[in-house]
Each structure stands twice: as C-alpha cells, then as structure tokens.
Amino acid sequence: MTFTSTDLEVEGAAGGETVGEPAPASPPAQGRHLVHAFLRDRVAVACGVYILLVVLMALAAPLLVKISGYGPLEFDQSAVDPNLGGLPIGWGGGMGAEHWFGVEPGNGRDIFARIVYGARVSMTIALAATVLTSVLGVVFGLIAGYFGGRVDMVVSRVMEFLMAFPALIFMIAVLSALPADNRQFLLVVVISFFGWPYLARIVRGQTMSLKEREFVESARASGASSLQIIFKEILPNLASTIIVMTTLAVPGYVGTEAGLSFLGVGVVPPTPSWGQMIASSVPWYAVDPAYFLIPGAFLFMLVLSFTVLGDRVKKIAESGEGRA
Amino acid sequence: MSRFLLNRLLGMVVVLFGVCLFTFVIFFVLSPDPAVQICGKNCTPEAIDQIRENLGLDQPFWTQFWTFISGLFVGRTYGTGPNAIDCAAPCLGYSFQTSQPVTDMIMQRLPVSATIAIGAALLWLLSGVAGGLISAVREGRFADRFIAGLTLTGMSIPNYVLALSLQFVLVVTLGWLPFPQAVSFGNDPLQWFLNFLMPWIVLAIGAAAVYTRLTRANVIESLQENYVRTARAKGLSPGLVWRRHALRPALTPIVTIFGMDFANLLGGALITETVFGLNGVGKLAADSITKNDQPVIMAVTLLAAFLVVVGAMVVDLLYTAIDPRVRVGSAK
C-alpha cells in the first residue's frame, strides 16, 4: 500500500519476462529547462510551495515552538479536563490562542509543537531514504546495465528477490526484531533496502541502451575508462529519469514511515512523528476528532503534493516541453 | 509448457527457501533471546539454560533452521518428557505467550482476512476498470478531470486516515453504518455487507486509484493503434471495436498486476484490520508486534511471502494463457 505504483514500474511488470526497459523515444529534457517548464504549471507550484512550507517548518521547529510557547514534550494538565477522562477543554480539541492546534487528550501536549517537530522527523527520514535509495539504485543500475554478463545476472537476481518480498510486512518483521535504540536510522536503512530495486531496474534498462550509442563508442575509442564513461557519458543522460523516478518515490517513503510509525515499529515515543500521532489518536477518534484530523491532514497534503509534483515532473520530462 | 511449469515451480521453491532463510536469520541473529522472555521475571540463569535446551535454542544455527523447515512438512515436538508440546505439520512455530501453535492461530483468523481481501479486490478491480474506461471515453472532459482528482486523492490518503475519517463521519456522526464487526454471512447477509463495507473501501482505495490510471492510459493508447484504425475503416461497429480491439489488449496488463496486488494484500490488511479492530491475520500480526511474540510475526511474514510468490506464479501462468508471445520455451 505504501509504495505508490508508478506507470514506469508498471510498464516493466506488465511484460512479465521483459529484459530491460525501452529507452525513451526522444532525448530526455535537461534539468534547467525542466525548472522553467515547471514554473509555468500552477498546480505544481502550489504543491511545491506546500512542501517548501513543511521543510521550512521542520527547519525552524525550535523557533516556531518558542513563539507558540509550548514544547513538543511539555505536559499541560490545565488544558485537559480530568473529569471527562482527560478530554481537551474547549472547541476543536482545545484550539485557541494558547494552543493553536489544540492539545493531546490525556496529557495536554501541544499539537502544534508536535506537528512541527513531527515534520522534522518525517522529512528527515523520507529525504534520507530518498537519497540513499537513489544512490543505491543508480549505482547498481549503472553497474548491472553497463557491465552486463555475470555482474548483471547477480544484481538482477538480487533485485527480483527483493521485489518478490512483501515489503511492508518484511519491514515490520525486521524492525520489530531489531533493538529500538536507533529507529530513525534503521527506518532509513530498511526503507532503502527494499526500495532501491525499483529505480535500479529502470536505470539498468536505460544504461543498456545508452551504452550502444555512438557517443559512448567514441568516448571508448578515445581511451576513456569504464568509470569515466559511466559517470561522464551515461549518467548525465539519465538525469531526467532519475529526477522523475525519485520525485515519484518520495510520497511512498513519507507514507511508509508514517505507516510503520502508525503500527508501532517506527519512530519511538515520545519523539513525535505524524504517523505515530495518528496511531495514538485512534482510541480518541470519536470524542476528539481534531486529534487525528490535524496530523492526518498534514500527512495527506504532503503525500498528495509529492504525488502531484511527481506526476507533473514526469509529464514535463516526457513531453519534452522543457527541452532546449 | 510442462518445462516452463517445472522451471517456474523450481524458481518458486528457491525463492521460498531464500525467504525462509532470510527471515530465520533476522530472527535468529537480531532478536532478543526468546528463552529470557519465556522465563519471565524471577528467572535464574539455570532456568534459562533449561528452557534453551528444551527448545533446542542451544543448537547451532543450521540445526535449528533444519528443525524449523522439517517442522513445516512433518511437524515437530517442543521440549521432552511430560511437558512436551506437539506441533503438527505444517508447524509454523509455537507461540509461548498464548500457548498455541501458530498454525492454529492463523487458521482461526484466516476467514475474516479472506473476506476483507476478496471483497476489497473485487471492489478495486470493478471500480478501477470502470473509472478508467469512463476517463478514457471522456478524455479531457469534466468526468475525466474529476476522476483524475479522485485518483490522486485515493493514491495519497493514508488508509488509516481514511479509515478514521469514514468511521467518524459514517458511524459516529451520521450513524449510517455499524461499527465493523466480523458478522458471518450466513446469519445476516445485509449486516455482513454493511459491516465489511468500510474495511473493503479502505483496503481498496489505493489500488482502485492505480487501476483507474492504468486502465485509462492503456485504453487511450490501444485506441491509437493501427489495428483499431483498420477495424474502424473496415466498418466494424464502434461497440465491437471497443470490445474486441481496444479493451482486450488494454486489460491484459491489469491481470498481471492484479495477481501481485492481491498477494500483497496482507500488508494492507495489517493496517485496515488494526484500525477497525477486526480479528484477522493482519490484526494478529500487529498485536504480536506489540507483544513481541516472534514466532507469530515470523509465521505471518512467511505466509505473506508465500502468497506473493504463488501470486507471481499464477500471474505468469495466466499471462501465458492470454498472451502466447511470453511463453518462455518458445524464446529459445
């Protein structure tokens, strides 16, 4: 559920036994022109702005919390009513000038502060997983595609094996077996471990067709080493593919982190994460809906923004609108 | 064909063996000592040693792995003497926390999970293909844009957020649906339907969105093919062109991913069953995580992997039946 399927992946899966993806018919768009075409797209810009806001919120978390007056771990018993089993006092889960987004029922922790610090955790994990997955995916995809033969066979078998796993259940199993001391780091490792084959498969396919092109041949003829060819000739041509695949993968990682935290194998309390906030709101959903609605809305909007953005970037890259 | 089957079966056994080994290594190497857990508080080192010996935990890795694998086929016995516990084949392990064989625990909860999974699969298949077709027919118009918005929402909303929202609106505020419980179909078909409706929607939403997009893209693409133009030029009725030439090639890829997605349902069921408190295999896994009941987690993991591998194989076979070009033997 958490790995958003992309059309790029589906193409590969549909063929059953296909070897290598077909290369795009037109040369891919280059980065700078991509940005220009992107800025003309209003929906994409709106999504970008929301993501930027979340990132800024995450970066400025300590400052924002100073302004709002409550830290993410501070209990405020005066905001909850002990006679009602700890329900927040006031409308909307205790929203008001004192607590902007209300408080958690029971212990009265400030939800705004927890959202802000939760953004920190969610973004750090999602972005770190994205970087690690991309590096692994690109490197293994390039190696398998360029060298072919036995190297390709080994890498391909490993990829097939990893993709045959029920990733979510396996992540849960691995995370529940591991000690809980360094969960944020482990989350990144586990998500990337199961995530890289999806990118690597496509990079491999494109590398296989790129290495037959004339410019690679001429580079080889002029005495360039394999490493030089891979990184100077082939990699730049894969830029748009990598950008598209990576943008499309981010919402999956955000969702996976939240889902794992929701199930109790992700970020360990009291450190806040959006998924984990929603998990702890489950017993209260009927009497204090604001408690799940606020982190739920933030999470949904973030995943939606990344999804739409990925979609638009893909369309722009494919249509060649941004090409010089 | 038989050689192809044999190849696939062999590959499946290899992957399953790999999954078993991988899972076993994770739980063997990384997890805390189960003997300490079983012993509980007020435990002496001698007692721990005793338990370890009884359970064969003092054996080397390969011996334990072998005992586990053979337990799957011929069953095994935990401990010796009067306290020995029999675990009949297929023995997936024994949960010391609940004093039950894991196989029994899973079998008890399988019907609920199967109900949720099959209902959800039907729902997303039908709504996905229907939505995709409508979008393709009305390409670029309002219906298409509306469905595109819905699919983006469906792909992005985490299913537990959707579950809580639906439950809050439909059950708590409006009172239209009952709080989901595992009502049996035989007792009251209407109540059965109403109780399982929310779990089906929640589990189906993400896949429904993906299927809509895939169907739309495929149908639009196949309508542009030369053979469709030829069929039209021949004067074939539009309905026949659609059915015979546009839909069939467009829906073949759906078969492929359907098998994989269905096999992967157990992961989604974990969250859906937990949120709605339905006692299926997913809830069992989620509860076992909280209690750190490792034999159960391991068994569910293996079950999930088994489903995925079998699903992939069924898809391959179906694909061979639908599209003769992919037959492996003929490639050589």
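Residues numbered from 1 in each chain as written. Chains lettered and ligands numbered in written order. Predicted model: local features only at pLDDT ≥ 70, side-chain atom pairs only at ≥ 80, totals over all residues. Heavy atoms only, no water.

S.K.: When you look at the overall build of chain A in this model, what are you seeing that I'm missing?
M.R.: Summing up its helical and strand segments, chain A has 14 helices and 2 strands in all. Per-residue burial for chain A yields a buried fraction of 56% across its 324 residues. A sequence separation of at least 24 residues applies to 75% of the contacts in chain A between residues at least 6 apart. Element-wise, carbon and sulfur atoms account for 66% of the exposed surface of chain A, whose accessible area totals about 13900 Å². (Helix = DSSP H or I, 4+ residues; strand = E, 2+ residues; numbered from the N terminus. Buried < 20%, exposed > 50% of the residue type's maximum accessible area, 1.4 Å probe, protein only. Contact = heavy atoms within 4.5 Å. Areas by Shrake-Rupley, 256 points an atom, 1.4 Å probe, with all protein chains shown as cover.)

S.K.: Got a minute to help me understand the interface of chain B and chain A in this structure?
M.R.: One frequent convention defines the size of an interface as the accessible area lost when the parts assemble. Counting residues at the interface gives 51 residues for chain B and 45 residues for chain A. A per-residue breakdown of the area chain B buries against chain A is headed by B:Ser156, B:Tyr160 and B:Leu164, which together make up 15% of the total. One can count 1 salt bridge joining chain B with chain A. In this structure, the salt-bridge partner of A:Asp311 is B:Arg213, at a minimum N-O distance of 2.7 Å. Inspection of the chain B/chain A interface yields 5 residue pairs in polar contact (both at pLDDT 80 or more). Among the secondary structure elements, those contributing two or more residues to the side of chain B that touches chain A are α1 (2-30), α6 (142-156), α7 (159-173), α8 (189-223), α10 (238-263), α11 (265-276) and α13 (294-322) of chain B. Broken down by element, the residue count for the side of chain B that touches chain A peaks at 9 residues, all from α1(B). Class assignment for the residues of the side of chain B that touches chain A results in 33 nonpolar, 15 polar and 3 charged. (Buried area = accessible area lost by both parts, 1.4 Å probe. Salt bridge = Lys/Arg side-chain N within 4 Å of Asp/Glu carboxyl O. Polar contact = N/O pair within 3.5 Å; in protein donor to acceptor, adjacent residues only side chain to side chain. Nonpolar A, V, L, I, M, F, W, Y, C, P; charged D, E, K, R; others polar.)

S.K.: Before we go on, may I ask you to explain the nonpolar core in this structure?
M.R.: Soluble globular proteins tend to bury their nonpolar side chains together. Grouped together as the largest cluster of nonpolar side chains are 137 residues, with contacts concentrated most on A:Trp274, A:Leu302 and B:Tyr160. Filtering out sequence-adjacent residues up to four positions away, B:Tyr160 remains in contact with A:Gly255, A:Ala258, A:Gly259, A:Phe262, A:Gly275, A:Ile278, A:Leu299, B:Ile271 and B:Val275. Counting 15 residues, the second-largest nonpolar core is a separate cluster that includes A:Ile202, A:Val203, A:Leu210 and A:Ile234. (Core = buried A, V, L, I, M, F, W, Y, C linked by side-chain atoms within 4.5 Å.)

S.K.: I keep staring at the packing of aromatic side chains and nothing clicks. Help me out?
M.R.: The relative placement of two aromatic rings is captured by the distance of their centres and the angle of their planes. In the structure shown here, the tally under the stated rule is 15 aromatic pairs over all chains. Centroid distance A:Phe193 to A:Phe194: 5.2 Å. Interplanar angle 85°. Geometry classified as edge-to-face. By relative accessible area, A:Phe193 is classed as partly exposed at 35%. Classification of A:Phe194 as buried rests on a relative accessible area of 2%. Seen in terms of ring centroids, B:Phe196 and B:Trp200 are 6.0 Å apart; in terms of plane orientation they differ by 20°. Their pairing is stacked. (Phe/Tyr/Trp six-rings, centres within 6.5 Å; stacked < 30°, edge-to-face > 60°.)

S.K.: What is the right way to read the packing of α8(B) against α11(B) from this model?
M.R.: Packed helix pairs are characterised by how far apart their axes lie and by the angle those axes make with each other. Residues and elements named next belong to chain B. Across the interface, α8 lies against α11 with an axial gap of 10 Å and an inter-helix angle of 140°. Judged on the interaxial angle alone, α11 and α8 are oblique. The two elements α8 and α11 meet at a crossing, and its hand is right-handed. Contact residues: α8 offers Met 198, Pro 199, Val 202 and Leu 203, while α11 offers Leu 265, Gly 268, Ala 269, Thr 272 and Phe 276. In terms of residue class, the contact of α8 with α11 is made up of 7 nonpolar, 2 polar and no charged. (Axes fitted to C-alpha atoms, helices over the stretch in contact; angles between N-to-C directions. Parallel < 35°, antiparallel > 145°, perpendicular 65-115°, else oblique. Left-handed = near helix turned anticlockwise from the far one by under 90°.)

S.K.: Help me understand α7(B) in this model?
M.R.: Side chains three or four residues apart in an α-helix point the same way, a direct result of the helix having 3.6 residues per turn. Across its 15 residues, α7(B) extends 20 Å between first and last C-alpha, which sits within 8% of the 21 Å expected from 1.5 Å per residue. Maximum bend of α7(B): about 25°, positioned at B:Gln167. Taken across its 15 residues, α7(B) has 11 buried, putting it largely inside the fold. Close packing links the buried residues of α7(B) with α12 (239-262), α13 (274-281) and α14 (290-319) of chain A together with α8 and α11 of chain B. Phi for B:Gly175, located one or two positions after α7(B), is positive at around 70°. (Expected span 1.5 Å × (residues − 1). Bend = angle between axes of the 7 residues up to and from the residue.)

S.K.: How do you make sense of the domain arrangement of chain B when you look at a structure like this?
M.R.: Segmenting chain B into domains produces domain 1 (33-91) and domain 2 (105-326). Averaged C-alpha coordinates put domain 1 of chain B and domain 2 of chain B at centres separated by 40 Å. (Domains from an automatic or database assignment.)

S.K.: Which parts of the structure should I look at to understand the packing of α13(A) against α14(A)?
M.R.: Residue and element names in this part refer to chain A. Between α13 and α14, the shortest axis-to-axis distance is 9 Å and the interhelical angle comes to 150°. The angle between α13 and α14 falls in the class roughly antiparallel. Judged by the twist between their axes, the crossing of α13 over α14 is left-handed. For the pair α13 and α14, the contacting residues are Trp 274, Met 277, Ile 278, Ser 280 and Ser 281 in the first and Tyr 291, Phe 292, Pro 295, Gly 296, Phe 298, Leu 299 and Leu 302 in the second. Broken down by class, the residue content of the contact of α13 with α14 amounts to 9 nonpolar, 3 polar and no charged.

S.K.: Just checking my understanding: could you explain helix α7 (residues 149-163) of chain A for this structure?
M.R.: Residues and elements named next belong to chain A. Under the 1.5 Å per step criterion, the end-to-end length of α7 is 21 Å for 15 residues, consistent within 8% with the ideal 21 Å. Looking at α7, one finds that the buried residues are Asp 152, Val 155, Ser 156, Met 159, Leu 162 and Met 163. One side of α7 carries all its buried residues, which in axial view fall inside an arc of 125°. (Arc of directions from axis to C-beta.)

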